[in-house]
Amino acid sequence: MLADLVVRNALIADGSGGPLAGGDVAVAEGRIVSLGTGRVAAGPGTTELDARGELVCSPGFIDTHTHDDAALIRYPGLEFKVAQGCTSLVIGNCGFSAFPAVGGDDIAAVADAGWTDLDGYRRAVTARGFTCNAMALIGHNTIRMSVIGAGDPRPASPRELAAMRAQARRAMEQGACGLSTGLIYRPGKWASTEEIAEVARGAAEGGGLYASHIRNEGDRLLEAVGEAARIGREAGCPVHISHHKAAGRENWGRVRDSLAVIDEANSAGSDITLDFYPYIASSGPMGEYVTADTVTQEWAERNQFANCPPFPAYQGRRVSAVAAAEGLTVSELVGRVLTAPGGPRTITIGFGMSEQDLITNISHPRMMIGSDGIPDLDGMPHPRLYGTFPRVFAEYVRGRAVISLQEAVRRMTSLPAARFGLAGRGLLAPGAHADLVVFDPAKIRDLASYTEPKQEPEGVHWVVVNGQVVFDHGHHTGARPGRLLRFATG
Ligand code: ZN
Ligand code: CU
């Protein structure tokens with residue numbers, strides 16, 4: 001068979017974590033047909049990508065933590081992901097998904113969000129086309145909004161519990177990989193452990209996992225990890241802890257304690273994995289962290305505006321600096337922003353983690369990479385949206401030499417593929433789907449910063465999704481070969 005595409009003379013990192021091997025990777029009809037040193041037949045129609053014996057060819061990276069549910073429609077080229085080498089995205093994180101109800105302003109904003117389930121969402125995004133593959137979680141916040149309401153803090157009734165569990169089950173039947181929670185956000189934070197375990201049983205029935213933005217990432221981190229582990233045990237499903245961190249100076253170092261708790265649970269029969277992003281700042285909706293009544297000067301000094309629809313001029317600046325410039329107290333400023341039209345969509349970036357905790361995170365063999373990027377390109381998003389994957393190579397493979405290149409690739413490919421049920425992806429082997437990235441191991445690095453966040457990285461040469469070149473040296477080809485995948489089947 002003639003190949004459609006061949007990567008010539010590459011250093012092949014197959015995703016397993018094993019040593020690099022030299023050779024060619026050949027693709028036909030969207031699948032890998034051969035791998036290694038045998039000369040592959042190429043014809044006039046074959047695209048040949050020359051890796052010159054110095055570029056790495058690996059499976060495309062899998063971003064395990066995204067909020068790209070609306071981005072599949074709003075930014076179907078997914079340039080900020082593709083340029084990093086990402087070929088698949090796990091969507092529906094932190095308890096918010098595009099179904100069964102309108103899960104947030106971002107979904108409502110993408111026009112005719114007329115669907116009510118994963119099948120409907122799949123039809124809508126597939127009809128338009130998009131560039132990366134995606135795997136969906138169903139969000140507990142979104143389920144709770146649809147069954148109990150967005151603003152109702154009361155416990156679920158037995159009938160509502162059954163309805164929520166049925167939603168999770170139905171999503172599994174339609175190809176979701178599991179249930180996500182966001183237990184600092186409304187309305188998820190009003191749910192008891194028992195409620196979540198009951199909804200997670202719906203995911204467990206379909207073989208899915210429980211992925212959680214846990215209830216506390218600061219002084220009660222260990223307790224929150226314990227709750228996630230308990231939900232996994234009671235529901236009977238694997239657990240994935242999202243953006244693992246210890247926020248707040250007084251909690252620095254607790255990432256190590258938390259990982260020890262997880263190791264212990266795993267050796268006692270639990271199955272817990274994690275992801276993190278390689279930055280000391282976090283980001284999310286300002287109104288979920290502070291109000292005019294609760295904001296402190298200290299918080300305002302640690303946080304900057306990422307996206308601020310009513311006052312775009314604030315974007316990229318510290319909250320405290322804006323308050324000073326406007327002649328307001330930080331409380332007055334926060335009140336002004338949150339009560340303005342569009343104000344609740346304000347996103348902030350908070351500097352609260354330690355570099356050592358990032359190193360501890362990347363050192364753990366069950367740690368994957370999840371950008372947690374918030375795809376709102378109108379503002380000044382957290383640089384993780386554009387930089388996460390190249391940054392792991394620049395900082396932790398080359399810079400600090402914490403893990404090997406092939407181990408970093410494994411954490412970005414085969415480990416998440418197995419975890420989130422991306423069948424036939426994450427490992428280079430004959431018959432696998434041809435999701436590839438070709439990059440320069442000596443040069444790959446992030447350029448996005450807190451002041452210039454929308455910068456594509458350096459060192460990524462080509463990205464291939466389902467056999468089609470989607471990125472070629474900084475040029476996005478416009479191809480939209482992405483698929484909304486089905487859990488464990490493809
Ligand atoms: Zn989260
Ligand atoms: Cu998130």
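No experiment lies behind these values; they were computed from the predicted model shown.

### Overview of the coordination of the copper ion (ligand 2)
Part 1 of the reasoning: The protein atoms that coordinate the copper ion (ligand 2) are His65 (NE2), His67 (NE2), Cys94 (SG) and Asp372 (OD), at distances of 2.1 to 2.3 Å.
Part 2 of the reasoning: Here the copper ion (ligand 2) binds four donor atoms, and the angle range of 80 to 163° at the metal identifies the geometry as irregular.
Part 3 of the reasoning: Mapped onto the sequence, the donors of the copper ion (ligand 2) take the spacing H-x1-H-x26-C-x277-D.
Part 4 of the reasoning: Here the copper ion (ligand 2) and the zinc ion (ligand 1) are spaced 3.0 Å apart, linked through Cys94, which binds each one. Of this pair, Cys94 sits in the loop between strand 7 (86-91) and helix 3 (105-109) while Asp372 sits in the loop between strand 16 (367-369) and helix 15 (384-399), placing them 278 residues apart in sequence.
Part 5 of the reasoning: Cys94 gets classed as buried once you look at its relative accessible area, which sits at 3%.

### Here's the deal with the sheet that holds strand 10 (residues 209-213)
As a general point, the strands of a sheet are linked pairwise by backbone hydrogen bonds and lie either parallel or antiparallel.
Part 1 of the reasoning: Taken together, the eight strands give an open sheet; going across it, the order is 6-7-8-9-10-11-12-16, and neighbouring strands pair in parallel fashion. Strand pairing shows two members of the sheet lacking a second neighbour, strand 6 (61-63) and strand 16, which therefore form its edges. Averaged over all pairs of adjacent strands, the angle between their axes in this sheet comes to 30°, without regard to strand direction.
Part 2 of the reasoning: Where strand 11 (residues 239-241) meets strand 12 (residues 272-276), three bridges bridge the pair, whose relative direction is parallel. Each residue of the ladder has a partner; that of Ile241, found in strand 12, is Leu274.
Part 3 of the reasoning: Together, strand 11, strand 12 and strand 16 form the strand contacts of helix 9 (residues 254-267), whose direction differs from that of strand 12 by roughly 150°.

### Re the sheet that holds strand 13 (residues 281-285)
Part 1 of the reasoning: Spatially, three strands are ordered 13-15-14 in an open sheet, and the strand pairing comes out antiparallel. With partners counted over all chains shown, the strands left at the sheet margins are strand 13 and strand 14 (303-307), one partner each. Sheet twist, expressed as the average angle between the axes of neighbouring strands with direction ignored, equals 30°.
Part 2 of the reasoning: As paired strands, strand 13 and strand 15 (residues 347-351) are joined by five bridges and run antiparallel to one another. Paired with Ser283 across the two strands is Ile349, which belongs to strand 15.

### Some remarks on the coordination of the zinc ion (ligand 1)
Part 1 of the reasoning: For the zinc ion (ligand 1), the full set of protein donor atoms is Cys94 (SG), His213 (ND1) and His243 (NE2), and the range of their distances to it is 2.0 to 2.2 Å.
Part 2 of the reasoning: Between consecutive donors of the zinc ion (ligand 1), the numbers of intervening residues give the motif C-x118-H-x29-H.

### Re the pairing of strand 17 (residues 436-439)
Part 1 of the reasoning: Of the two faces of strand 17, the one carrying Leu436 and Val438 and the one carrying Val437 and Phe439 are both buried.
Part 2 of the reasoning: When strand 5 (residues 56-59) meets strand 17, the two strands line up antiparallel, connected through four bridges. Bridge pairing in strand 17 links Ser58 to Val437.
Part 3 of the reasoning: Alignment of strand 17 against strand 18 (residues 460-465), held across four bridges, turns out to be antiparallel. What sits directly across from Val437, in strand 18, is Val463.

### Brief notes about the pairing of strand 12
Part 1 of the reasoning: Counting buried positions along strand 12 gives five out of five residues, so the element sits mostly inside the fold.
Part 2 of the reasoning: Taken together, strand 11, helix 9 and strand 12 constitute a β-α-β crossover, and its handedness is right-handed.
Part 3 of the reasoning: The pairing of strand 12 with strand 16 spans three bridges and is classified as parallel. Each residue of the ladder has a partner; that of Leu274, found in strand 16, is Met367.

### Overview of the domain arrangement of the protein
Part 1 of the reasoning: Partitioning the protein into domains gives domain 1 (60-283 + 351-422) and domain 2 (284-349).
Part 2 of the reasoning: For domain 1 and domain 2, the distance between their C-alpha centres works out to 26 Å.
Part 3 of the reasoning: With 15 residues of domain 1 at the interface, the matching set in domain 2 holds 16 residues.
Part 4 of the reasoning: Buried surface at the junction of domain 1 and domain 2, both sides included, amounts to about 1300 Å², of which 53% is carbon and sulfur.
Part 5 of the reasoning: Contact with domain 2 buries area across many residues of domain 1, yet Ser283, Phe351 and Met380 alone supply 44% of it, more than any other trio.
Part 6 of the reasoning: Where domain 1 meets domain 2, there are one salt bridge.
Part 7 of the reasoning: Between Glu288 and Arg186 there is a salt bridge, and its shortest N-O distance comes to 3.3 Å.
Part 8 of the reasoning: The interface formed by domain 1 and domain 2 includes five residue pairs in polar contact (both at pLDDT 80 or more).
Part 9 of the reasoning: At three residues, strand 13 tops the list of elements feeding residues into the side of domain 1 that touches domain 2.
Part 10 of the reasoning: In terms of residue class, the side of domain 1 that touches domain 2 is built from seven nonpolar, four polar and four charged.

Reading guide: rules and limits
- Residues numbered from 1 in each chain as written.
- Chains lettered and ligands numbered in written order.
- Predicted model: local features only at pLDDT ≥ 70, side-chain atom pairs only at ≥ 80, totals over all residues.
- Heavy atoms only, no water.
- Donors = N, O, S within 2.8 Å, 3.2 Å for Na, K, Ca; no water.
- Tetrahedral: all angles 85-135°; square planar, octahedral: opposite > 155°, others 65-115°.
- Helix = DSSP H or I, 4+ residues; strand = E, 2+ residues; numbered from the N terminus.
- Buried < 20%, exposed > 50% of the residue type's maximum accessible area, 1.4 Å probe, protein only.
- Pairing = 2+ DSSP bridges.
- Axes fitted to C-alpha atoms, helices over the stretch in contact; angles between N-to-C directions.
- Contact = heavy atoms within 4.5 Å.
- Right-handed = clockwise from strand over helix to strand, strands pointing away.
- Domains from an automatic or database assignment.
- Buried area = accessible area lost by both parts, 1.4 Å probe.
- Salt bridge = Lys/Arg side-chain N within 4 Å of Asp/Glu carboxyl O.
- Polar contact = N/O pair within 3.5 Å; in protein donor to acceptor, adjacent residues only side chain to side chain.
- Nonpolar A, V, L, I, M, F, W, Y, C, P; charged D, E, K, R; others polar.

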